[in-house]
Amino acid sequence: MRLTDYFLPTLRENPKEAEIVSHTLMLRAGMVRQETAGIYSWLPLGFNVMKKIEQIVREEQNRAGFVEILMPTIQPADLWKSSGRYEDYGKEMLRIRDRHDREMLYGPTNEEMITEISKMGVRSYRDLPTRLYHIQWKFRDEVRPRFGVMRGREFLMKDAYSIDIDKEAARRSYYRQFIAYLRTFERMGLKAIPMAADSGPIGGDMSHEFVILADTGESAVFCDRDLVDMPVPADDIGYDDDLEAVAAAWTSKYAATDEKHDEAKFVADVPEERRVSARGIEVGHIFYFGTKYSDAMGASVQNADGKATPFEMGSYGIGVSRLVAGIIEANHDEAGIIWPESVAPFHVGLINLKVGDSETDEACNAFYQNLENAGVDVLYDDTDERAGGKFKNMDLIGLPWQLIVGPRGIKSGEVEVKNRASGERFNLSPDAALNMLTSRK
RNA sequence: CGGGGCAUGGCGCAGUCUGGUAGCGCACCUGGUUUGGGACCAGGGGGUCGUAAGUUCGAAUCUUACUGCCCCGACCA
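Just so we're clear, the structure is a prediction, and the values are computed from it rather than from any experiment. (Residues numbered from 1 in each chain as written. Chains lettered and ligands numbered in written order. Predicted model: local features only at pLDDT ≥ 70, side-chain atom pairs only at ≥ 80, totals over all residues. Heavy atoms only, no water.)

A. Up close: the overall build of chain A. The number of helices and strands found in chain A is 15 helices and 23 strands. By the compact-globule yardstick of 22 Å for 441 residues, chain A fits well, its C-alpha radius of gyration being 24 Å. By its C-alpha atoms, chain A is 80 × 60 × 40 Å across when sized along the principal axes. Scored against the burial criterion, the 441 residues of chain A give a buried share of 53%. Summed over all atoms, the accessible surface of chain A reaches about 20000 Å², with 47% contributed by carbon and sulfur. Positive and negative side-chain charges of chain A, numbering 55 and 72 respectively, have mean locations separated by a distance of 3 Å. (Helix = DSSP H or I, 4+ residues; strand = E, 2+ residues; numbered from the N terminus. Rg over C-alpha atoms; globule rule 2.2 N^0.38 Å. Buried < 20%, exposed > 50% of the residue type's maximum accessible area, 1.4 Å probe, protein only. Areas by Shrake-Rupley, 256 points an atom, 1.4 Å probe, with all protein chains shown as cover. Lys, Arg positive; Asp, Glu negative; His and termini not counted. Charge placed at Lys NZ, Arg CZ, Asp CG, Glu CD.)

What follows is the structure in structure tokens.
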């Protein structure tokens, strides 16, 4: 992509409404624009990153044996009346009426709908397990939206739902998601720690929040250092294996958010040198809720004995749009964002230091073509900005690699490759630079 | 939902107390000099001063109501 063809409205100064660093940087890097409190337009750079995150989530859900569907944003109120939640949900639910004065709502979640869909499709225990997910916009009318897309009212979320015949089977579905989450966040360059969470109406041990560590995190978290460096299962993990045993490496170690933190247990269970007190951001939540909705909505199947058995259900959420901000919170410096390669909007920022200088233009065009041909996403700054501005901008938007080409270097047969994360610079011949950047892909 | 603050050009702000017909920095446009980490000079364009009503010869400024946004708290992926 040539910058002259792109839409990248970067800001030089910090917008005053932004309180946390990810919000400031997303506004400054031209990733989003606020339309009203907690509701944002996604501009090209932000949208690009969000799609990359979404795709990683999708791939790992598929790998874990969940099947993608798409449910609507607008739901009929009757559906929610059938579970009793229409009255319970309160003002966070955005309630609307259509032209026939029918009560509708902008969905804050989809348990009721998935239960109805499953009732229609599941007739026998032989049809189970049913494991579905979708990635869709949701709306929760937060009293006080803040922190940009970190806590907006409209947000993109992956939510998955499992339906099993009994609790043992439900456990297996639950741990599929547990492992999928470890892999998903790892692929985005995040350290996500599963932490025991309140498990809603059922209780028990089947609810975990996945929290990423970031200095600017919203809540205090406490965990065993072993969890931070625990190697995540590889992509050949067998999802039909006993994943609860695999997950035990995580669930057996101490980890808690401040609400659930038990200092005495922390001190007793974790040797002092391994105690981590940090800040965290919740990016995922998985839980088993048993028959809460299936009971209320009469969703059952016949078991092998011919007896009606209510669905055993779990739901599993990942805040996709929130992750965009979460990743920035975990990956930035004074100059701007530092994208992990897997979610970077482009891999290489090609900087032409002197547009109009024929040798420099020629060299840049060649790089641009060759990198594109090699399948490397390039953002080519072909504007006639001054060099200083280009450097600042490129650091701000945080592409992993910068390829800096100017007349001075061309004369001595060199270009500069800069790694955004480490700050390392390499003066290389054009061929060596091209080789370095294409071999990474 | 309680408490507080703010609303003036694309962004950040001054002007409001003490009413007199709108200004600064950045950004933008033109010309020139520059050019490897946010240059300089000269010229220029752009604002129903959140909305509505009121007071006044005259309102960004005073009064009232409303709306929006931000912050703290309670709440939350």
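B. Region of interest: the confidence of the model for chain A. Confidence in the prediction of chain A, expressed as mean pLDDT, is 93, and 98% of residues score 70 or more. Confidence estimates for the predicted assembly give a pTM of 0.96 and an ipTM of 0.93. (pLDDT = per-residue confidence, 0-100.)

C. Spotlight on the sheet that holds strand β20 (residues 378-381). Read across the sheet, five strands follow the order β20-β19-β21-β22-β23 without closing on themselves; strand pairing throughout is mixed. Pairing within the sheet leaves two strands with one partner each, and these edge strands are β20 and β23 (425-428). Direction aside, the axes of adjacent strands within the sheet are offset by 20 degrees on average. Here helix α12 (residues 358-373) sits on the sheet in contact with β19 (348-352), β20, β21 (401-405) and β22 (415-419), set at roughly 165 degrees to β19. Helix-sheet contacts for helix α13 (residues 387-397) involve β19, β20, β21 and β22, and the interaxial angle to β19 is about 175 degrees. (Pairing = 2+ DSSP bridges. Axes fitted to C-alpha atoms, helices over the stretch in contact; angles between N-to-C directions. Contact = heavy atoms within 4.5 Å.)

D. Layout of the packing of helix α1 (residues 21-28) against helix α11 (residues 320-330). Two numbers describe how α1 lies on α11: the axes approach to 8 Å, and their chain directions differ by 105 degrees. Considering their axes alone, α1 and α11 lie roughly perpendicular with respect to each other. The residues of α11 that touch α1, namely those facing Val21, Ser22, Leu25 and Met26, are Val324, Ala325, Ile328 and Glu329. Grouping the constituent residues of the contact of α1 with α11 by class yields six nonpolar, one polar and one charged. (Parallel < 35°, antiparallel > 145°, perpendicular 65-115°, else oblique. Nonpolar A, V, L, I, M, F, W, Y, C, P; charged D, E, K, R; others polar.)

E. Up close: the protein's contact with RNA strand B. Around RNA strand B there are 38 residues in total, and Arg12, Thr36, Arg144, Gly152 and Asp395 lie nearest to it. Alanine 37 is positioned with one of its backbone polar atoms (N or O) 3.0 Å from a phosphate oxygen of RNA strand B. A distance of 2.8 Å separates a base nitrogen of RNA strand B from a polar side-chain atom of arginine 386. Ranked by residues supplied to the surface near RNA strand B, first place goes to α13 with six residues. Grouping the constituent residues of the surface near RNA strand B by class yields nine nonpolar, seven polar and 22 charged. (Near = heavy atom within 4 Å. Polar contact = N/O pair within 3.5 Å; in protein donor to acceptor, adjacent residues only side chain to side chain.)

F. Broad picture of the packing of helix α2 (residues 44-63) against helix α6 (residues 167-187). It is at 9 Å that the axes of α2 and α6 come closest, and there the two elements cross at 150 degrees. Judged on the interaxial angle alone, α6 and α2 are roughly antiparallel. When you trace α2 past α6, the crossing you get is right-handed. Of α6, the residues touching α2 (which contributes Ile56, Val57, Glu59, Glu60, Gln61 and Arg63) are Gln177, Ala180, Tyr181, Arg183, Thr184 and Arg187. Partitioned by chemical class, the residues of the contact of α2 with α6 number four nonpolar, three polar and five charged. (Left-handed = near helix turned anticlockwise from the far one by under 90°.)

G. Just the pairing of strand β11 (residues 219-224), in detail. Counting buried positions over the six residues of β11 gives six, a clear majority of the element. By the alternation rule, side chains of β11 split into Ser219, Val221 and Cys223 and Ala220, Phe222 and Asp224, which are all buried. Bridging between β11 and strand β13 (residues 275-290) involves six bridges; their strand directions are antiparallel. By the bridge assignment, phenylalanine 222 is partnered in β13 with serine 277. As judged from the three bridges shared by β11 and strand β12 (residues 255-257), these two strands associate in the antiparallel manner. Each residue of the ladder has a partner; that of phenylalanine 222, found in β12, is alanine 256.

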